[in-house]
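Here's the letter readout for the chains.
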Amino acid sequence: MKPHKKVLMTAGLINFGLAVFQAVIGFSPTASLYFGAPSALTENPTLLMGISLGVSALLILFGLYALSGAGRIQPLPWLKPILAVVTLLYLIRGLVLVPELFAILGLLDLSFPVAQRFLWFSGGALLLGLLHLAGISRGWGEFPSRTS
């Protein structure tokens, strides 16, 4: 298996793991609050669960597209643009690491507190974005151009 396919396969599996994790914490308002859900959301368990399951479904979709890019499942519609958008979303989320780090070091005054654990969340998103980027940048020319 080519290296970019292994990278995308790994990214896909991580997305599936995150989907399961997201669904599980949706059952616990306390856990959701710890992982960054707003308190207003955690006060409404039905809405919390609905949003959690929606995010889980989106993460499963991200995983399926990564597996499609790895050639492990048939090519999905709009493979190239959707993989590019997924990569961009993870990178943007990961770049939140910079202001969070500055806030924790006291170099930036934010209107809300930043827990140190959020650095791990942002770092993980950045690494997953870079994993997707490595996979699509090396395999872009091999992805089918099918758009429907």
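Calculation notes
- Residues numbered from 1 in each chain as written.
- Predicted model: local features only at pLDDT ≥ 70, side-chain atom pairs only at ≥ 80, totals over all residues.
- Heavy atoms only, no water.
- Axes fitted to C-alpha atoms, helices over the stretch in contact; angles between N-to-C directions.
- Helix = DSSP H or I, 4+ residues; strand = E, 2+ residues; numbered from the N terminus.
- Parallel < 35°, antiparallel > 145°, perpendicular 65-115°, else oblique.
- Nonpolar A, V, L, I, M, F, W, Y, C, P; charged D, E, K, R; others polar.
- Phe/Tyr/Trp six-rings, centres within 6.5 Å; stacked < 30°, edge-to-face > 60°.
- Buried < 20%, exposed > 50% of the residue type's maximum accessible area, 1.4 Å probe, protein only.

Caption draft 1: Geometry of the packing of helix 1 (residues 3-25) against helix 4 (residues 45-69). Contact pair helix 1 / helix 4: the axes reach a minimum separation of 8 Å and the direction vectors enclose 170°. Judged by the inter-axis angle, helix 1 sits roughly antiparallel to helix 4. Broken down by class, the residue content of the contact of helix 1 with helix 4 amounts to 16 nonpolar, seven polar and no charged.

Caption draft 2: Highlighting the packing of aromatic side chains. On inspection of all chains with the given rule, the structure shows six aromatic pairs. A centroid spacing of 5.5 Å and a plane angle of 40° characterise the contact between Phe 35 and Phe 121, whose relative ring orientation is tilted. Of the two residues, Phe 35 sits in the loop between helix 2 (29-34) and helix 3 (39-42) while Phe 121 sits in helix 7 (residues 117-139), which places them 86 residues apart along the sequence. Relative accessible area serves as the criterion here: at 25%, Phe 121 is assigned to the partly exposed category.

Caption draft 3: Highlighting the environment of Val 98. Its place among the elements puts Val 98 in helix 6 (residues 97-104). A relative accessible area of 41% means that Val 98 is categorised as partly exposed. Along the chain, Val 98 and Val 55 lie 43 residues apart, while their C-alpha atoms are 24 Å from each other.

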